[in-house]
Amino acid sequence: MSDVLAVAEHRRGELREVSHEVLTAGAELGAGELHLAVIGGDVERFADELDRGAVDTIHTVAEGEEFNHGVYVQALEQVAEAVDPTYVVTPNSVNGLDYAPAVAESLDMSLVTDAVGVDTGGGLTVTREFYGGKTEGEVDVFDDRAVVTIREGEWDAPAGAAGASIQAFDADIDETALGTTVNGFEEAGSGDVDITEADVLVSVGRGIDEEDNIPLIEELADAMGATLSSSRPIVDNGWLPQDRQVGQSGKKVTPDVYIAIGISGAVQHVAGMKGADTIIAINTDPGAPIFDIADYGIVDDLFDVVPALTEQFA
Amino acid sequence: MKILVTVTEVAEPDDEFEIQGQSIEDRYLTYDLNEWDDYAVEEAVQVSEEYDDVEVVSVTVGPERAEETVRQALAKGVDRAIRVWDDDLGGDLLDPGTTAELLAGVVEEEEPDFVFSGVQSGDMAFGATGVALAEAAGLEWAAVINDFELDPDAGSASVRRELEGGVEELTDVALPAVFTIQTGINEPRYASLRGIRRAQQKPLDVETPTDLGVNVESTLSLSSLEVPETGSDVTYFEGSADETAAELAAFLREQKRVEA
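Conventions and cut-offs
Residues numbered from 1 in each chain as written. Chains lettered and ligands numbered in written order. Predicted model: local features only at pLDDT ≥ 70, side-chain atom pairs only at ≥ 80, totals over all residues. Heavy atoms only, no water. Helix = DSSP H or I, 4+ residues; strand = E, 2+ residues; numbered from the N terminus. Buried < 20%, exposed > 50% of the residue type's maximum accessible area, 1.4 Å probe, protein only. Contact = heavy atoms within 4.5 Å. Buried area = accessible area lost by both parts, 1.4 Å probe. Salt bridge = Lys/Arg side-chain N within 4 Å of Asp/Glu carboxyl O. Polar contact = N/O pair within 3.5 Å; in protein donor to acceptor, adjacent residues only side chain to side chain. Domains from an automatic or database assignment. 1 Å grid on protein atoms, 1.4 Å probe; cavity = no way out; pocket = protein on both sides within 12 Å on 5 of 7 lines; lining within 4 Å. Points joined across faces, edges and corners; volume = space filled by probe spheres on them. Nonpolar A, V, L, I, M, F, W, Y, C, P; charged D, E, K, R; others polar. Core = buried A, V, L, I, M, F, W, Y, C linked by side-chain atoms within 4.5 Å. Axes fitted to C-alpha atoms, helices over the stretch in contact; angles between N-to-C directions. Parallel < 35°, antiparallel > 145°, perpendicular 65-115°, else oblique. Left-handed = near helix turned anticlockwise from the far one by under 90°. Pairing = 2+ DSSP bridges. Expected span 1.5 Å × (residues − 1). Phe/Tyr/Trp six-rings, centres within 6.5 Å; stacked < 30°, edge-to-face > 60°. Lys NZ or Arg CZ within 6 Å of the ring centre and 35° of its normal. Arc of directions from axis to C-beta.

Draft legend 1. Looking closely at the environment of Val5 of chain B. Residue and element names in this part refer to chain B. For Val5, the position within the fold is in strand E1 (residues 2-6). Looking at Val5, the relative accessible area reads 0%, which means it is buried. Dropping the residues within four chain positions of it, Val5 is found in contact with Ala40, Val41, Ala44, Val56, Val57, Ser58, Val59 and Phe116.

Shown next, in the form of structure tokens:
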């Protein structure tokens, strides 16, 4: 029977949704004891909120307000020593990837990141994507013990109260060993356009090739009375300001219509727009992942289709 | 000051490709410098331009083919390169821990002041090598940074970590440390012709895991690879660009989605 240690995530006083999802994935990983570590912040409130599904024991580590990877690594080493888990399951979030690889290294456990599925019949097998979502593979893990980081939104939150044992874990954190200091947070790029308010978004991606081609998409948005947004590479290149970026690190949008032009549909982008009512994709690559979630599609060159579409609304 | 940059070569599949066994057939793959590492190289070269006496060394775990990619980094301003390889490494999926152990061996030899590493590779996308390396080499770290300000006198750096939802974490990190570099942190340069010429003369040393004292045994194996089934049922507009545009416009008007 495999025992599992799941790890919750919170930021600025709120649990992140994935904290529930690690419990569901954790229950799938092992039929033994399911432990949850809640580290930092309002640990008692978080523990109450996470007393769900199949969790048996919740270990609260009251140490600091916000995430600090040094605290997380030390606390998890100690909790793991106490509960001896076969698997540790954490979010595949920016913070998850700031401690999970170190925990795996420190506990001498194997590591598989960004899992979208797990199977433990005959050793651990993890399903994850390769080549930017163009393929999906099954990874066999030879080690008996492993750290698995799960993609956010792939597992449901568990239903029902668990009645777990909530225990304050007395971690011995060596403050002098903490090499990072978190000084605060800032909201990036808040401009005068709020793309989360738009009913229709015309969104441009890497397929536009050059900054000089951006006006082509602007003209379409203008003709349609829509708002212009973009995927990450456009903002990385400085072709549009950050407040136009849709995706995991940008804005999450839920317009009536989302027209993705020259956007391949990487998972980080899809996380920000899958809630759109109707998704329309224009892309030359029929295998682009954007077509997996699109409702309507045009497989063609945007440089042919977009001017023709603008003409339709002129 | 010495900066180590981890550089990996990634395989990009063509739009249309075929899978043979557990891998994409080589004729459908194009190899290139990993996008995240391009930003990491640029960040290192920018630091070397800002301060005196900075050496930028790149390290790659990859087969001989990867030297073309390594030369790209050298052409952009990396001073010398190290490539770690052994044919035993070519067989299966290399787990991030093993890659980290190999890189940690190089860190031990080179003793850099800090390390830049791309957030992830474009093909395997574990997103774990940099942080695993930090732990293995006993360095401090910060993952997913989009801003880097070095304070050499204080022996630290102030960074911004790019969290989800447009939130940035402002963090100070004690050196020596590994920083995993997010795209958009800078504007990677194109190699100049002079840079490309000079890159051919720059040292590129090859080391084996044995040289580094690392026993390589990947804990992971890729047992299947396939094109995921698309759960969706897309309705395609077909025809010439004029036709598809007209169909889409008519659809949007019909749905009263667009008033124009």
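Draft legend 2. Spatial organisation of the interface of chain B and chain A. Opposite the 83 residues of chain B that make contact, chain A presents 83 residues. For the chain B and chain A pair, buried surface summed over both sides reaches about 7000 Å², with 54% attributable to carbon and sulfur atoms. Scanning the region where chain B abuts chain A turns up 6 salt bridges. At the surface where chain B touches chain A, the tally comes to 39 residue pairs in polar contact (both at pLDDT 80 or more).

Draft legend 3. Region of the structure containing the domain arrangement of chain A. What the domain assignment reports for chain A is domain 1 (4-177) and domain 2 (195-313). The distance between the C-alpha centroids of domain 1 of chain A and domain 2 of chain A comes to 34 Å.

Draft legend 4. Representation of empty space enclosed by the protein within the structure. All told, the structure shown has 1 cavity of 30 Å³ or more when counted by the stated rule. In this structure, the largest cavity encloses a volume near 50 Å³. Lining the largest cavity, in full, are Phe67, Asn68, His69, Asp98, Thr180 and Val182 of chain A together with Trp141, Ala142, Arg161, Glu169 and Thr171 of chain B. Of all the secondary-structure elements, those providing two or more residues to the lining of the largest cavity are strand E13 (180-187) of chain A together with strand E9 (140-151) and strand E11 (167-174) of chain B. Its residues placed into classes, the lining of the largest cavity shows 4 nonpolar, 4 polar and 3 charged.

Draft legend 5. Summary view of the nonpolar core. All names here are of chain A. Among the nonpolar cores identified, the biggest contains 105 residues, and Leu36, Leu124 and Ile150 are the most heavily contacted of them. No other element matches helix H3 (residues 69-83), which puts 8 residues into this core. Leaving out residues up to four positions away in the same chain, Ile150 has contacts with Val18, Glu21, Val22, Ala25, Val89, Thr90, Pro91, Asn92, Ala115 and Trp155.

Draft legend 6. Summary view of the layout of surface pockets. All names here are of chain B. Each pocket or cavity is described by its volume, and for the second largest pocket that value is around 1200 Å³. Glu9, Leu93, Leu94, Asp123 and Met124 are, among the 48 residues lining the second largest pocket, the residues nearest its centre. Every element with two or more residues in the lining of the second largest pocket is listed here: strand E2 (9-13), strand E4 (23-24), strand E5 (29-33), strand E6 (55-61), helix H3 (96-110), strand E8 (114-118), helix H4 (129-137) and strand E14 (220-226). Grouping the amino acids of the lining of the second largest pocket by side-chain chemistry returns 24 nonpolar, 17 polar and 7 charged.

Draft legend 7. Molecular detail of the packing of helix H5 (residues 214-224) of chain A against helix H9 (residues 302-313) of chain A. All names here are of chain A. In contact at an axis separation of 9 Å, H5 and H9 are set at 25 degrees when each is read in the N-to-C sense. With respect to H9, the axis of H5 lies roughly parallel. H9 is crossed by H5, and the crossing has left-handed handedness. Across the interface between the two elements, Leu216, Ile217, Glu219, Leu220, Ala223 and Met224 of H5 pack against Leu302, Phe303, Val306, Pro307, Leu309, Thr310 and Phe313 of H9. Looking at the contact of H5 with H9 residue by residue, the class counts come to 11 nonpolar, 1 polar and 1 charged.

Draft legend 8. Expanded view of the pairing of strand E7 (residues 110-115) of chain A. All names here are of chain A. E7 sits mainly inside the fold: 6 of its 6 residues count as buried. In this sheet, strand E11 (residues 146-150) lies alongside E7 in parallel orientation, the contact comprising 4 bridges. Each bridged residue has a counterpart across the sheet, and for Leu111 the counterpart in E11 is Val147.

Draft legend 9. A look at helix H6 (residues 241-254) of chain B. Its 14 residues place the ends of H6 of chain B 20 Å apart at the C-alpha level, agreeing with the 20 Å of an ideal helix rising 1.5 Å per residue. Looking at the buried positions of H6 of chain B, the neighbouring elements they touch are H5, strand E16 (257-261), strand E17 (278-283), strand E18 (296-299) and H9 of chain A. Following H6 of chain B by one or two positions, Lys256 of chain B has its phi on the positive side, about 55 degrees.

Draft legend 10. Expanded view of the packing of aromatic side chains. Taken as a whole and assessed by the stated rule, the structure comprises 13 aromatic pairs over all chains. Judged by centre distance (5.1 Å) and plane angle (50 degrees), the rings of Tyr72 of chain A and Tyr99 of chain A are tilted. Here Tyr99 of chain A lies in helix H4 (residues 96-106) and Tyr72 of chain A lies in helix H3, a separation of 27 residues in the sequence. Of the two residues, Tyr72 of chain A and Tyr99 of chain A, both sit in the buried class. Site record: aromatic cluster; members linked through ring pairs are Phe114, Phe116, Phe148 and Phe179 of chain B. Against the face of Phe130 of chain A rests Arg128 of chain A, its NZ or CZ located 4.9 Å from the ring centre. Here Arg65 of chain B stacks its cationic end above the ring of Tyr31 of chain B, 3.6 Å away from the centre of that ring.

Draft legend 11. Representation of H5 of chain A within the structure. If you check which residues of H5 of chain A are buried, you get Ile214, Ile217, Leu220, Ala221 and Met224 of chain A. The arc enclosing the buried residues of H5 of chain A, seen along the axis, measures out at 125 degrees, which places them on a common side. Buried-residue contacts for H5 of chain A involve strand E14 (200-204), strand E15 (227-230), helix H6 (232-236), E16 and H9 of chain A together with H6 of chain B.

Draft legend 12. Representation of the sheet that holds strand E9 (residues 124-130) of chain A. Reading across from one edge, E8(A)-E9(A)-E10(A)-E14(B) is the order of the 4 strands in this open sheet, with antiparallel pairing throughout. Edge strands, defined here as strands with exactly one partner in the open sheet, are strand E8 (117-119) of chain A together with E14 of chain B. Across this sheet, the average inter-strand angle for adjacent strands is 25 degrees, counted without regard to direction. Pairing analysis gives 7 bridges linking E9 of chain A to strand E10 (residues 135-141) of chain A, with the strands arranged antiparallel. Note that in E10 of chain A the partner of Thr127 of chain A across the bridge is Glu138 of chain A.

Draft legend 13. Geometry of the pattern of salt bridges. Under the definition given, this model contains 26 salt bridges over all chains. Notably, a salt bridge pairs Arg161 of chain B with Asp98 of chain A, separated by 3.6 Å at the nearest N-O pair. Of this pair, Arg161 of chain B sits in strand E10 (residues 156-162) while Asp98 of chain A is found in helix H4, placing the two residues in two different chains. Here Arg161 of chain B and Asp98 of chain A have matching classes, each one buried.

Draft legend 14. Expanded view of the environment of Asp95 of chain B. Residues and elements named next belong to chain B. For Asp95, the position within the fold is in the loop between strand E7 (80-84) and H3. Exposure remark for Asp95: the relative accessible area of 5% places this residue in the buried category. In sequence terms Asp95 and Thr129 are 34 residues apart; their C-alpha atoms lie 9.0 Å from each other. Residues contacting Asp95, with those up to four places away along its chain left out, are Glu217, Ser218, Thr219 and Leu220.

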